[in-house]
Amino acid sequence: MNVRGAWALVLALSAVGLGMPRGTAQRPATAQGPTTTQTTTTARGPRTTQAATTPAATGAPRAGAATAASGPPPPGGAGAAQASPTWLTPIDVPAWLDQGGTLMLVHTAPREARAAAPLAALLQRALVPGVPAGRIRVGASADVSPVSLAAAARQAGHDAVLGVSLSLEAQRVRVEVVLVDLRATPATEHESRFTGPLDAFFARVVGGPPAVRGSAVRARHLRFQAAALLGLAAIDVDGDGRDELAVAREPHVTVYSVVQEGSRLRLVRRGRAGWPAAARRVPFARRAEAWFSVQGGRVLVSRSDRQGEHALSLQGDVLRFEPLVSDCPGGLAFADGCAHWVAGRDYFDGMLSARRSGTASAAAASDDVDDETDADDSRARAPRFYTRTLHTLRQADGALRTFEALVTPHGALVGQVAGQRASIGGQGAALAGADIDADGSLDLLTSDYTRDGQEDRLRWFRLGADGRITLVWEGAPARGTILHAAAGDLLGTGRPVFVAFEARAGGPSRLWVVD
């Protein structure tokens with residue numbers, strides 16, 4: 001964009017808002033523009049860039065026994081919540097901008113022109129929430145280089161200019177931000193970079209993958225011996241922004257990385273630790289389970305047959321347990337409350353209690369928790385469940401919508417979105433959920449409702465924003481039993497995949513990877 005083009009752009013700007021990253025260093029602006037070196041010192045002064053990367057999931061863990069998300073859910077309903085992405089954080093702006101002056105914000109043009117206005121509003125909320133909208137002018141351009149933007153801002157009489165470049169990197173959104181302070185002598189640049197998961201809204205901005213079709217679903221499997229499996233989860237244990245496969249068995253917990261080499265997959269063991277000594281829960285359950293959740297940024301693991309909760313950490317090849325008091329003592333933390341294991345059974349009570357943090361929406365606990373006949377699918381009484389997944393997904397219009405799915409002890413897959421509820425029978429205990437293709441719908445992997453001796457199978461459903469459940473894909477019959485599944489960015493591409501464990505009595509057990 002030349003100066004003449006920049007001036008024409010400024011005349012078309014509309015009043016909205018935006019800003020820049022905290023703690024970034026400065027360097028004088030030059031005619032050459034920014035260099036690509038992360039940290040350099042020259043006659044023009046030092047330059048340091050700041051980068052932030054967030055795992056694919058919306059901050060929620062991808063659990064197998066039950067999927068739990070920390071933090072309160074947004075208000076229900078389309079358009080009810082317009083919260084900024086958690087991975088896109090506010091940036092520092094010059095102190096003088098708090099008292100006066102104007103800021104020009106220019107972002108790369110979105111693929112869909114109609115996404116420009118909501119994108120500008122989202123960037124303002126996320127990057128410069130403290131700057132009044134009346135002092136910010138926003139526009140879109142293919143050229144957001146500091147030199148061109150600074151020239152345009154000077155001609156338009158602005159005191160600072162913010163350039164935001166958005167691009168697609170695998171199935172992640174890459175955001176590069178540069179703020180040029182024109183009041184400084186000489187003018188200085190502040191740079192930051194952010195990376196986050198692609199969603200339905202950002203797919204309108206930077207492009208997205210094709211919609212998942214049943215004919216394109218790929219199901220691969222690996223030999224995987226995991227006798228006495230209690231639960232598994234796709235969850236970021238080591239804090240590197242990529243999910244690991246956490247596997248809980250009777251004697252220990254093991255963390256694996258899933259490595260893809262061409263079309264082949266293999267598991268690499270990262271760490272293993274035995275369960276700490278703990279008192280038994282009474283009465284004993286029919287079937288012991290372990291579940292994972294994230295609370296306060298930490299990975300927690302609990303067992304239905306043992307008391308106490310522990311945080312997991314992986315440093316190098318050392319996996320450690322640390323006892324702590326969770327938000328849900330003896331239960332599984334969801335964003336909307338605590339689910340508690342039904343005494344003597346092998347499923348959770350559907351009536352959630354409040355979390356200790358006070359962020360949950362409390363519900364009255366059931367008094368007759370031992371009455372199995374109450375595990376119905378009536379919304380007048382929250383159905384009990386083997387597994388449950390709760391996700392908040394950004395829609396194409398930028399609004400947030402909460403998706404809930406669970407499998408009841410009677411084999412019903414129940415989905416609910418914005419008050420719309422649907423159910424499908426004949427499903428097993430395994431359930432995992434994620435927005436695989438960033439279309440704003442929740443993709444679900446389930447197993448079959450089987451009796452002893454019957455073959456199991458995997459199914460892929462889609463829970464749409466309208467609350468409808470549709471079948472996308474059905475796998476071939478499996479000889480074993482599938483009780484556990486999970487979903488997460490296990491391959492490090494930003495695109496979630498499903499995993500499920502098939503226990504086979506007459507042969508080697510298998511880990512399925514479905515994408």
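Throughout this document, residue positions are counted from 1 along each chain, in the order its sequence is written. The model is predicted, so local features are restricted to residues of pLDDT at least 70 and side-chain atom pairs to those at 80 or more, both for listing and for counting; the totals for chains, interfaces and linings are taken over all residues. Just so you know, side-chain values use all the structure's heavy atoms and leave hydrogens and water out.

Novice: How should the packing of aromatic side chains be read in this particular structure?
Specialist: Two rings from Phe, Tyr or Trp (for Trp, the six-membered ring) form a pair when their centres are within 6.5 Å of each other. A pair whose planes differ by under 30 degrees is stacked, one over 60 is edge-to-face, and the rest are tilted. Going through the model one piece at a time under the given rule, you end up with 12 aromatic pairs. Between the aromatic rings of Trp 87 and Phe 202, the centroid separation amounts to 5.7 Å while the plane-to-plane angle is 50°, which identifies the pairing as tilted. Of this pair, Trp 87 sits in the loop between strand 5 (62-63) and strand 6 (103-107) while Phe 202 sits in helix 4 (residues 200-206); the two residues are 115 residues apart in sequence, bridging distant segments of the chain. When accessible area is computed with a 1.4 Å probe and restricted to protein chains, residues below 20% of their type maximum are described as buried, those above 50% as exposed, and intermediate ones as partly exposed. Under the relative-accessibility criterion, Phe 202 is labelled buried at 0%. Look at Phe 348 and Phe 385: their rings are 5.3 Å apart centre to centre, the planes differ by 20°, and that puts the pair in the stacked class. Of the two residues, Phe 348 is situated in the loop between strand 21 (337-340) and strand 22 (387-394) and Phe 385 in the loop between strand 21 and strand 22; the sequence distance between them amounts to 37 residues. The exposure classification of Phe 348 matches that of Phe 385, with both residues buried. Counting every residue linked through ring pairs, the aromatic cluster contains Trp 291, Phe 334, Trp 341, Phe 348 and Phe 385. Helix numbering and strand numbering both begin at the N terminus, where a helix is a DSSP run of H or I of at least 4 residues and a strand a DSSP run of E of at least 2.

Novice: Any chance you could explain the nonpolar core here in plain terms?
Specialist: Grouped together as the largest cluster of nonpolar side chains are 34 residues, with contacts concentrated most on Leu 88, Val 164, Val 175 and Phe 202. Residue assignment for this core shows that the elements contributing at least two residues are strand 6, helix 2 (116-127), strand 7 (136-140), strand 8 (160-169), strand 9 (172-181) and helix 4. With 6 residues, helix 2 is the single largest residue contributor to this core. Note on contacts: a residue pair is in contact if any heavy atoms of the two residues lie within 4.5 Å. Sequence-distant contacts of Leu 88, defined by excluding residues within four places in its chain, comprise Leu 122, Leu 123, Ala 126, Leu 127, Val 175 and Phe 194. Think of a nonpolar core as a cluster: buried Ala, Val, Leu, Ile, Met, Phe, Trp, Tyr and Cys residues, connected wherever their side-chain atoms sit within 4.5 Å.

Novice: Any chance you could explain the confidence of the model for the protein here in plain terms?
Specialist: Detail in the predicted coordinates should be disregarded across regions flagged by low pLDDT. Mean pLDDT over the protein works out to 81, with 78% of the residues at or above the 70 mark. Within the model, pLDDT remains below 50 along residues 1-49, and this stretch shows 141 contacts once partners closer than five positions in the same chain are excluded. Every residue gets a pLDDT, meaning the predictor's confidence in that residue, from 0 to 100. Ignoring residues within four places in sequence, the model shows residues 358-380, a span with pLDDT below 50, making 51 contacts including any to other chains.

Novice: What's the story with the pattern of salt bridges in this structure? I'm lost.
Specialist: A side chain of one charge can pair with a side chain of the opposite charge if their charged atoms are brought near each other. A pairing counts as a salt bridge when a side-chain nitrogen of Lys or Arg comes within 4 Å of a carboxyl oxygen of Asp or Glu. For the coordinates displayed, the defined rule picks out 31 salt bridges. Between Arg 218 and Asp 515 there is a salt bridge, with its nearest N and O atoms 3.2 Å apart. Here Asp 515 lies in the segment after strand 32 (510-514) and Arg 218 lies in the loop between helix 4 and strand 11 (219-223), a separation of 297 residues in the sequence. For Asp 515, a relative accessible area of 14% gives the class buried. Measuring nitrogen to oxygen at the nearest pair gives 3.0 Å for the salt bridge that ties Glu 250 to Arg 303. With a gap of 53 residues between them, Glu 250 in the loop between strand 13 (244-249) and strand 14 (252-261) and Arg 303 in strand 17 (residues 298-303) connect regions that are remote in the sequence. With relative accessibility at 2%, the residue Arg 303 sits in the buried group. Beyond isolated ion pairs, a larger network of salt bridges with shared partners links Glu 250, Arg 280, Arg 303, Asp 305 and Arg 306.

Novice: Just to check I follow, could you spell out the sheet that holds strand 16 (residues 290-295) for this structure?
Specialist: Strand pairing in a sheet takes place through backbone hydrogen bonds and is either antiparallel or parallel in direction. Whether two strands pair comes down to DSSP finding at least two bridges between them. Taken in spatial order, the 4 strands line up as 16-17-18-19 in an open sheet, and their pairing is antiparallel. One side of each edge strand has no neighbouring strand; the edge strands of this open sheet are strand 16 and strand 19 (318-324). This sheet shows a mean twist of 35° between the axes of neighbouring strands, independent of strand direction. Only C-alpha atoms enter the line fits that serve as axes; for helices the fit covers just the stretch in contact. Angles between N-to-C directions range over 0 to 180 degrees.

Novice: Looking at this structure, I do not really get the pairing of strand 14. What am I missing?
Specialist: The side chains of a regular strand alternate, first on one face of the sheet and then on the other. Within strand 14, 7 of the 10 residues are buried, leaving the element largely enclosed by the surrounding structure. Counting the residues between successive antiparallel strands, the hairpin from strand 13 to strand 14 contains 2 residues. When strand 14 meets strand 15 (residues 264-274), the two strands line up antiparallel, connected through 10 bridges. Considered in strand 15, the bridge of Thr 254 is made with Arg 272. Joining the antiparallel neighbours strand 14 and strand 15 is a turn of 2 residues, in which Gly 262 adopts a positive phi near 70°.

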